[in-house]
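# Structural description and commentary
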Amino acid sequence: MDISSAPLTPEQRQQFRTVRGFIYSRETFGTVDGPGIRYVVFMQGCVYRCQYCHNPDSIPTGRGEAWTAGALVDEIMRYQGYIRKGGVTFSGGEPLLQAEFVRACIILLQEKAVHTAIDTAGLLLTGGVRAAVDAADLLLLDIKAIDEKMALRLTGRSNQDALMLLEYCEEAHKPVWIRHVLLRGYTLDSMQLENLAGYLEHYQCIKRVELLPFHKLGEPKWSLVDRPYLLSDVEATTREEAEQARQVFRVHGMLVH
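As the structure is a computational prediction, the values presented were derived from the model and not from experiment.

Right, let's get into the side chain of Gln192. As for its position among the elements, Gln192 is in helix H8 (residues 190-200). Residue class for Gln192 comes out buried when judged on its relative accessible area of 16%. If sequence neighbours within four positions are ignored, Gln192 has contacts with Ile146, Asp147, Met150, Tyr186 and Thr187.

As structure tokens, then:
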């Protein structure tokens, strides 16, 4: 459905309200997934196989709680007192696997003047994915690695979908926050960081870079899935290491946290 800036008709609103999706979990008072205090919806299903995933049980598709967009938005608005100066973030899993549902929720939320964001690692730019990205106010784009071989090693997938999505956001003037996990032996490497910062510095759509220290809080969840946890011997990123990494991006003139 082609939606302009005009208010939704009752028929359009009802159509969006009935779109169905599967949710892994919800967080009602999130402070690290976009600006301000946010209601975070973790969608079920993911095509990436990140070695450091802290929600590995969110990977399988076709599971989770079934919701309609209307019911979810009604539930979210119970917390409008908290999120008016923040918003709602759709994370995962990979939220763009359920792009139609995410878009429907975003359109209903924006009708209520709620800021929306999508936290994604990128998917092939189909029409549905573009429509969801276009609808959101902000994209949180997780670039796993700037080196394609490293991305394949870490996630089982190429980095090309993420980089093409970033290019699309540049053309569409869509604000982007870059997210990047710092992992010893992988991405926590001076040349990897320098290459990533150099690649990103020319994009006007990037408003912020978040370098996320690796941690093991999700390790116990790996017992719930039929896959080994491969990072047991990798130590968590220290504050000093994280700060040294941030300095690389600051030298390139980027706002980094």
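By the criterion of burial, helix H2 (residues 69-76) is predominantly enclosed, with 6 of the 8 residues buried. Every buried residue of H2 is accounted for by Ala69, Gly70, Leu72, Val73, Glu75 and Ile76.

What tends to happen in soluble globular proteins is that the nonpolar side chains get buried as a cluster. By size, the foremost hydrophobic cluster in this structure holds 64 residues, and its most contacted members are Phe90, Leu166 and Phe249. Counting residues per element, this core draws most heavily on helix H4 (residues 99-110), at 9 residues. In this structure, Leu166 is in contact with Leu141, Ile143, Val176, Ile178, Tyr199, Leu200, Tyr203, Cys205 and Ile206, ignoring residues within four places of it in sequence. Of all hydrophobic cores here, the second largest spans 20 residues; its members include Cys53, Ala121, Met150 and Leu183.

All right, on to the packing of H4 against helix H5 (residues 127-135) then. Packing of H4 against H5 brings their axes to within 9 Å, and their N-to-C directions diverge by 25 degrees. Considering the angle they form, H4 stands roughly parallel to H5. By crossing handedness, the relation of H4 to H5 is classed as left-handed. Of H5, the residues touching H4 (which contributes Ala99, Arg103, Ile106, Ile107 and Gln110) are Gly128, Val129, Ala131, Ala132 and Ala135.

We now examine the environment of Asp119. Residue position: Asp119 is located in strand E5 (residues 116-120). With a relative accessible area of 12%, Asp119 lands in the buried category. Between the C-alpha atom of Asp119 and that of Gln98, which follows or precedes it by 21 residues, the distance is 13 Å. Look past the residues within four positions of Asp119 in its chain and what remains in contact with it is Asp33, Thr89, Phe90, Ser91, Pro95, Leu140 and Arg179. For Asp119, the side chain forms a polar contact with the side chain of Ser91, separated by 3.2 Å.

Strand order in this open sheet of 8 strands is E3-E1-E2-E4-E5-E6-E7-E8, and the pairing throughout is mixed. If you trace the sheet from one side to the other, it starts and ends with strand E3 (65-68) and strand E8 (206-213), each paired once. Between one strand axis and the next, the sheet turns by 30 degrees as a mean value, whatever way the strands run.

Glancing now at the packing of aromatic side chains. One pass over the structure, following the stated rule, counts 4 aromatic pairs. Relative to Tyr203, the ring of Tyr199 has its centre 5.9 Å away and its plane inclined at 35 degrees; by these criteria the two rings are tilted. Stacked on the ring of Tyr48, the Lys or Arg Arg157 has its end atom at 5.2 Å from the ring centre. Over the ring of Trp177 we find Arg208, and its NZ or CZ is 4.3 Å from the ring centre.

The next point concerns the pairing of E5. Among the 5 residues in E5, 5 count as buried, and that is most of the element. Residues Thr116, Ile118 and Thr120 line one face of E5 and the alternating positions Ala117 and Asp119 line the opposite face, and both faces are buried. Sheet topology places strand E4 (residues 87-91) next to E5; 3 bridges connect them, and they run parallel. When the bridges of E5 are listed, Phe90 appears paired with Ile118. For the handedness criterion, the β-α-β arrangement of E4, H4 and E5 is classed as right-handed. Where E5 and strand E6 (residues 138-142) come together, 4 bridges link them in parallel fashion. Of the residues in E6, the one forming a bridge with Asp119 is Leu140.

Calculation criteria
- Here the residue numbers are simple positions, counted from 1 along each chain's written sequence.
- The predicted nature of this model means local features are confined to residues of pLDDT at least 70 and side-chain atom pairs, given and counted, to a pLDDT of 80 or more, with totals for whole chains, interfaces and linings taken over all residues.
- Processing note: side-chain calculations cover all non-hydrogen atoms of the structure and skip hydrogens and water entirely.
- Runs of E in the DSSP output that reach at least two residues are strands. Runs of H or I that reach at least four are helices, and both are numbered from the N terminus.
- In this scheme, a residue with accessible area under 20% of its type's maximum is buried, one over 50% is exposed, and one in between is partly exposed, where area comes from a 1.4 Å probe on protein chains only.
- It only takes one pair of heavy atoms within 4.5 Å for two residues to be counted as in contact.
- Here, the term nonpolar core denotes a set of buried Ala, Val, Leu, Ile, Met, Phe, Trp, Tyr and Cys residues that are joined through side-chain atoms within 4.5 Å.
- Fitted lines through C-alpha atoms serve as axes, helices being fitted only where they are in contact, and the angles separating the N-to-C directions of these axes extend from 0 to 180 degrees.
- Roughly parallel covers angles under 35 degrees, roughly antiparallel covers those over 145, roughly perpendicular covers 65 to 115, and oblique covers all other angles.
- Should the near helix be turned counterclockwise from the far one by less than a right angle, the crossing is left-handed, whereas a clockwise turn marks it as right-handed.
- Within 3.5 Å is the distance limit for a polar contact, defined as a pair of N or O atoms, with the added protein rule that one can donate a hydrogen and the other accept it, and that residues adjacent in sequence qualify only through two side-chain atoms.
- If DSSP finds at least two bridges between two strands, the strands pair.
- Here is the rule: rings of Phe, Tyr and Trp (six-membered ring for Trp) pair when centre to centre is within 6.5 Å. Planes less than 30 degrees apart are stacked, more than 60 are edge-to-face, and the remainder are tilted.
- Charges are assigned to positions over rings by a cutoff of 6 Å between ring centre and Lys NZ or Arg CZ, combined with an angular limit of 35 degrees from the ring normal.
- A clockwise path from the first strand over the helix to the second, with the strands pointing away from the viewer, defines a right-handed crossover.

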